[in-house]
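# Structure at a glance
Take a look at the letters that make up each chain.
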There are 2 protein chains.
Amino acid sequence: MNQDSSQRIVEPLRRWIASATPGARLPSTRALVAEHGASAATVQRALRTLAAEGAVETRPGTGTFVRAARAAPPTDYSWQTAALGAPERSIPSISTALRSRPPESIALHSGYPDDELLPVRLVRSAIARAGRSGAAVDRPPTVGDPDLRAWFAGELAARTIASAAAPRASDVVILPGSQSGLGAIFRGLVGSGGPLLVESPTYWGAIRAAAQIGVRLVPVASGPDGPDPEAIDRAFRETGARALYAQPSFANPTGAQWTTDRADRVLEIVRDHGAFLIEDDWAHDFGIDAEPRPLAGRDDSGHVVYLRSLTKSVSPAIRVAAAIVRGPARDRILSDVATESMYVSGLLQAIARDVVTQPAWETHRRTVRGILRDRRDQLVAAVQEHAPRAHLTRIPSGGLNLWVQLAEGIDADRVVRDCAAAGVMIAPGSEWFPAEASGPFVRLNYSGPEPHRFAEAARMLGGVLDGVS
Amino acid sequence: MNQDSSQRIVEPLRRWIASATPGARLPSTRALVAEHGASAATVQRALRTLAAEGAVETRPGTGTFVRAARAAPPTDYSWQTAALGAPERSIPSISTALRSRPPESIALHSGYPDDELLPVRLVRSAIARAGRSGAAVDRPPTVGDPDLRAWFAGELAARTIASAAAPRASDVVILPGSQSGLGAIFRGLVGSGGPLLVESPTYWGAIRAAAQIGVRLVPVASGPDGPDPEAIDRAFRETGARALYAQPSFANPTGAQWTTDRADRVLEIVRDHGAFLIEDDWAHDFGIDAEPRPLAGRDDSGHVVYLRSLTKSVSPAIRVAAAIVRGPARDRILSDVATESMYVSGLLQAIARDVVTQPAWETHRRTVRGILRDRRDQLVAAVQEHAPRAHLTRIPSGGLNLWVQLAEGIDADRVVRDCAAAGVMIAPGSEWFPAEASGPFVRLNYSGPEPHRFAEAARMLGGVLDGVS
């Protein structure tokens, strides 16, 4: 009774219907059974799918017919204009990083790692186990599964310095993905109209979450080594902000990792201003030459709100993340999470916990590190050889991206369009800037499919840059 | 390598630790292997879990020890008070319906159906299939899986009257649960500070979502037959609201189902005011003596935004819902969904689609109808016999709840507390009122565990009511 078995019939039928006259009678169920070597139930399921799509209609006792294209005029929805009004806030359009890949083209634009980088076998067997367990039908507590919370706490505890108190399971709030977590944290700690310091450039999902809530972003320039602590201090002073959002390990897009000195200095400033540091440890599982160094592991007084997701490292299908947050801020954020999502699927939590507590998970992480190193080095070498006009701001020691500066005066959006036409998808740097971009940048992701085509991709980029320079 | 196997050891070890002196040495791995008949890997996983919780510490080469309770003073988080400020809005606390059940007590408070009412076998085999398919590792489009969208459209199309255009798959936005959908719809169509007409009483999750966004609720009284159309007309006129939230089929908590006359009259009023009707068809799969009659199936001009969830009828672990919405309102809502959740787990979507497209799903729905009828009738009879002071406002023809009015002057919250003390969990009616309750009510859910104890529960309720009257 595999659903895919009916899909196998739906596709050829769709093609048949597309070339048939409206009103034409489809072959009988018996004929379709014979033609496709499928069961009658499977054929009927395929017909139901087509009927639901409006492609066919079934007249009981007579047969199934290609539906006549309706000549009805399009509905007029203009009354909605007044009801909707202008949107409260202007939200950036969906990022290039979420676009699917046109056939044939090389994808350096996506933010999601290729299957090669995922623990596919572990995920599949964890799903099978979870499907047999209570997790298939149970409702977990709003705050999350106790064992998964303990695991997240333990992960951060392993990177907590001796002088700071290790986080406890009770500090952990399970989230349905880190994007949802950003919304909950920004609403809880900043709120509509409130100021929030961010690195510039910074993660587009954070910019988008802030825009939707009406959080007022205060950009602080961040280079290959992270933001200047004195600039952060100044921005806190001038705006009265009570929170800073940052990615101190392998920032997206720059790849910057803060030194421990810089981390301590920024933490000191955050403490002085009685503020929160919202630490997005998005690349925790993607260290290459360095380990992630969570600032939360250096914090003893609840100033760091720590966010970690498993979506990119376990599977895009396992949308599970966690916020680790102490003090009353935890309750504020939990209340928002409860309202927005009520609870996170216990099935996804059980699968995530199963995967990350297998001994094979550590082996997988080591494998990923090696693959990422190869991919990064290959793309770096290809860009240096074939696209000399593309300036690599930094060879990142972790993460998934190269951040590339283009010569002054070049239109990065045009470069992105020309590259797409040539057959390589890349992302325009402007999507990572909360305000105007500080220059023309593009982002190249080395975790996508077909790494053997990196040289080809770099040649296309090189050709486009030669053309626009 | 089943995770549950280590849980089997964690529990007895926790008890052992609780009664041990700090610093005590745990039995060796070898001893634990022998004692529990588990593998060394399983024992080590159990010890890691306990270490992550801070219950034990492992000294390499020496052994594992019960951790000494730290004498460190509690951390002072009072600095957070100023950083957090007062919350932007006061959000009601988490509903009684989400509480877990104390051991031994009878649960009539929960909003989630018992396993007996879930298609457990279908869910388990769908999980197994999805785990072997691409859904285990793929990222679906933000708007949702095309086949699942087609299924949701087809479901509503089957209840669309001939004179209205059937919804298409492109009108469907897949959501990570209906609670999340309420947030997206309220933000998209009403926005912070905007007025929203709601039935009173109405679903507590909608009240909570509105409170978080800062939507201004305009309650319209709703009785056993639904709200008075003229009262809705008046409320639209007086407030300039552009949206009404309602549950026209088997409303939670009252069980009311609107007649088609009332539905048409309300739709007409909604159209006259250029407004949206947000129809929450939460009990679509829980008809008993009647079928749900979606208003969206009578709408031809994009006035009805239709919300349907599979969480309660498929499994609480499969958090998948859909909004069906036409015109520019769809784009407004989709933009919010993209920002808040980015996309819904493709694994959960594949499982949901698999379950609802099996022929056995229809059989299951018929079975559920029969079970719900028995449970409803048994609880009604038990209340009538053993708790005559509890006034049933209506015998609902669908849904999961009895809405019970108490005599004037009775403190419903006290009744709830006294019932809990006596051993039966029920929910206070006040949670379903957007403002002050119109009288003392309690809600009794007949879909929970142990229906054979309904008579016992009704006797407890009867005893409590005798005591407070």
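Here the structure is shown first, and the text comes after it.
Here is a short report on the structure shown in this document. (Residues numbered from 1 in each chain as written. Chains lettered and ligands numbered in written order. Predicted model: local features only at pLDDT ≥ 70, side-chain atom pairs only at ≥ 80, totals over all residues. Heavy atoms only, no water.)

Scanning chain A for helices and strands turns up 15 helices and 16 strands. The globule rule puts the C-alpha radius of gyration for 469 residues at 23 Å, and the 25 Å found for chain A is close to it. In terms of its C-alpha atoms, chain A occupies a principal-axis envelope of roughly 80 × 60 × 55 Å. For chain A, buried positions account for 61% of its 469 residues. Considering only contacts in chain A between residues 6 or more positions apart, those separated by 24 or more positions represent 76%. (Helix = DSSP H or I, 4+ residues; strand = E, 2+ residues; numbered from the N terminus. Rg over C-alpha atoms; globule rule 2.2 N^0.38 Å. Buried < 20%, exposed > 50% of the residue type's maximum accessible area, 1.4 Å probe, protein only. Contact = heavy atoms within 4.5 Å.)

Residue and element names in this part refer to chain B. Spatially, eight strands are ordered S4-S11-S10-S9-S8-S5-S6-S7 in an open sheet, and the strand pairing comes out mixed. Of all strands in the sheet, those bounded by a partner on one side alone are strand S4 (172-175) and strand S7 (226-227). Examined bridge by bridge, strand S8 (residues 243-246) and strand S9 (residues 276-280) share four bridges and lie parallel to one another. Residue pairing in the sheet places Ala-243 in a bridge with Phe-276 of S9. (Pairing = 2+ DSSP bridges.)

Take chain B, turn it by 180 degrees, move it 0.0 Å along the axis, and it overlays chain A with an RMSD of 0.2 Å. Within this description, the copies of the chain are treated as partners about a two-fold rotation axis. Closest to the rotation axis within chain B is the C-alpha of Ala128(B), separated from it by 2.7 Å. Both copies present the same face, since 97% of the interface residues in chain B are matched by interface residues at the equivalent positions in chain A. (Least-squares fit on C-alpha atoms with pLDDT ≥ 70 in both.)

A few words now on the interface of chain B and chain A. In many analyses, interface size is given as the accessible surface area lost on bringing the parts together. Contact residues are listed per partner, giving 96 residues for chain B and 93 residues for chain A. Summed over both partners, the interface of chain B with chain A comes to about 8,200 Å²; 53% of that surface belongs to carbon and sulfur atoms. Between Arg187(B) and Glu340(A) there is a salt bridge, and its shortest N-O distance comes to 3.2 Å. The tally of links between chain B and chain A comes to 42 residue pairs in polar contact (both at pLDDT 80 or more). For the side of chain B that touches chain A, the leading source of residues is helix H11 (residues 328-341) of chain B, giving nine residues. The residue inventory of the side of chain B that touches chain A, partitioned by class, reads 40 nonpolar, 32 polar and 24 charged. (Buried area = accessible area lost by both parts, 1.4 Å probe. Salt bridge = Lys/Arg side-chain N within 4 Å of Asp/Glu carboxyl O. Polar contact = N/O pair within 3.5 Å; in protein donor to acceptor, adjacent residues only side chain to side chain. Nonpolar A, V, L, I, M, F, W, Y, C, P; charged D, E, K, R; others polar.)

Let us look at the environment of Ser90(A). Tracing the backbone through its elements, the reader meets Ser90(A) in the loop between helix H4 (79-84) and strand S3 (106-107). Each C-alpha atom of the pair Ser90(A) and Gly214(A) lies 9.2 Å from the other, and the pair is 124 residues apart in sequence.

Direction vectors running N to C along helix H11 (residues 328-341) of chain A and helix H8 (residues 204-213) of chain B enclose 125 degrees, while the axes themselves pass 9 Å from each other. Taken together, the axes of H11(A) and H8(B) are oblique relative to one another. The interaxial crossing formed by H11(A) with H8(B) has left-handed handedness. Taking contact as the criterion, the partners of Ser335(A), Asp336(A), Ala338(A), Thr339(A) and Glu340(A) in H11(A) are, on H8(B), Arg208(B), Ala209(B) and Gln212(B). By residue class, the composition of the contact of H11(A) with H8(B) is two nonpolar, three polar and three charged. (Axes fitted to C-alpha atoms, helices over the stretch in contact; angles between N-to-C directions. Parallel < 35°, antiparallel > 145°, perpendicular 65-115°, else oblique. Left-handed = near helix turned anticlockwise from the far one by under 90°.)

Attention now moves to helix H10 (residues 260-272) of chain B. Residues and elements named next belong to chain B. Along its 13 residues, H10 runs 18 Å from first to last C-alpha, staying within 8% of the 18 Å computed at 1.5 Å per residue. Buried-residue contacts for H10 involve helix H9 (229-239), S8, S9 and strand S10 (304-309). Trailing H10 by a residue or two, Gly-274 shows a phi angle of about 55 degrees, which is positive. (Expected span 1.5 Å × (residues − 1).)

All names here are of chain A. One open sheet accounts for four strands, arranged S12-S13-S16-S15; its pairing is antiparallel. Both outer strands of the open sheet, strand S12 (391-392) and strand S15 (427-428), are each paired with one neighbouring strand and no more. Bridge count between S12 and strand S13 (residues 401-405): two bridges; the pairing is antiparallel. The residue of S13 that forms the bridge with Leu-392 is Val-404.

Once that is clear, we can look at the packing of aromatic side chains. Any aromatic ring pair is given by two values, namely how distant the centres are and how the planes are angled relative to each other. Residue and element names in this part refer to chain A. A complete count under the given rule lists 18 aromatic pairs over all chains for this structure. Centroid distance Tyr-203 to Trp-204: 5.6 Å. Interplanar angle 50 degrees. Geometry classified as tilted. Note on accessibility: Tyr-203 and Trp-204 belong to one class, buried. Aromatic rings pair up to connect Trp-403, Trp-432, Phe-433 and Phe-441 into one cluster. The positively charged end of Arg-59 is found above the aromatic ring belonging to Phe-65, 4.0 Å away from the centroid. (Phe/Tyr/Trp six-rings, centres within 6.5 Å; stacked < 30°, edge-to-face > 60°. Lys NZ or Arg CZ within 6 Å of the ring centre and 35° of its normal.)

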